[in-house]
Amino acid sequence: MSPLSTAILIPTLNRPHLLAALVRNIQNTTPEPHSIYFVVSNEPSLKALSPFNFKPWFQVHWDEGRTWPQRINYLYKSTTEPYLFLASDDIRFTPGWLHEAMKTMSEVEGVVPVNDLHNFNGTNLLVARSYVEDPGACLDTPGVVVYPGYHHNYSDTELIETAKFRGRWRYCERSVVEHRHPHAGKAPYDDVYKIGDDWLETDKALFYSRVG
């Protein structure tokens, strides 16, 4: 395995129609060493990903639909690659995304949000495993990438703010991974987005209780 290989971590709930195209998009835009890891929770998603089974760079894990932070932490502990890209199923990678993100990573060896063409703070992040191990990606919970108490929202925000506090954060505008989100007018609003919105105020309160 290359010392620069990246594990692309993709939790997905109920969007099987997006998955095969997402895998092909990653393969078409990512010549650098990488592996793709999904967590799925239903048979249609398993079926959608079945054409890629047994590829050495591809794995599918199963759960009952846990939260995005719990799934990211599970995949972190199930992988060994030195870099992790915290992804989702509603994104589109563009050529050069990993090359540019890794250039920025070499300056901080921590957390690198990429340009999602919507949220300046970034919603998808390249994270160094060495940073998670020491000094730690979460101030009060060792051995995790994101604080597991969030349901969805603000988990990436806390990860970024912690990395800023540690001086291990750098935004990479040249790495473009488009977030095809309803708020950007790029996708229909569905039940998965509703789950996130239902927990928005709870997650927001938790975030401010932790950083305040």
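This report concerns the structure included in the present document.

The rules behind the values
Residues numbered from 1 in each chain as written. Predicted model: local features only at pLDDT ≥ 70, side-chain atom pairs only at ≥ 80, totals over all residues. Heavy atoms only, no water. Helix = DSSP H or I, 4+ residues; strand = E, 2+ residues; numbered from the N terminus. Contact = heavy atoms within 4.5 Å. Buried < 20%, exposed > 50% of the residue type's maximum accessible area, 1.4 Å probe, protein only. Pairing = 2+ DSSP bridges. Salt bridge = Lys/Arg side-chain N within 4 Å of Asp/Glu carboxyl O.

Here we take up the environment of Tyr76. Within the secondary structure layout, Tyr76 lies in helix H3 (residues 68-78). Leaving out residues up to four positions away in the same chain, Tyr76 has contacts with Leu9, Leu84, Arg129, Val132, Glu133, Gly143 and Val145.

Here we take up the pairing of strand E7 (residues 125-128). Residues Leu125 and Val127 line one face of E7 and the alternating positions Leu126 and Ala128 line the opposite face, and both faces are buried. Alignment of strand E4 (residues 83-86) against E7, held across four bridges, turns out to be antiparallel. Looking at the pairing, Leu86 lines up with Leu125 of E7. Relative to E7, strand E6 (residues 111-115) is paired through three bridges, and the arrangement is antiparallel. Looking at E7, one finds that Val111 is bridged to Val127.

Before going further, it helps to examine the pattern of salt bridges. Side-chain pairs of opposite charge can arise whenever the charged atoms involved come near each other. Here the structure, examined in full by the defined rule, presents 14 salt bridges. Close ionic contact of Glu161 with Lys164 constitutes a salt bridge, the shortest N to O distance being 3.5 Å. With Glu161 and Lys164 both in helix H6 (residues 155-166) and three residues apart, the pair spans about one turn of that helix. With a shortest N-O distance of 3.0 Å, Asp198 and Lys194 are connected by a salt bridge. Here Lys194 and Asp198 lie together in helix H7 (residues 191-198), a separation of four residues that amounts to about one turn.

The next thing to look at is unusual backbone geometry. Residues Asp134 and Pro135 are joined by a peptide bond in cis, for which omega reads 15 degrees. Note that Pro135 resides in the loop between helix H5 (129-133) and H6.

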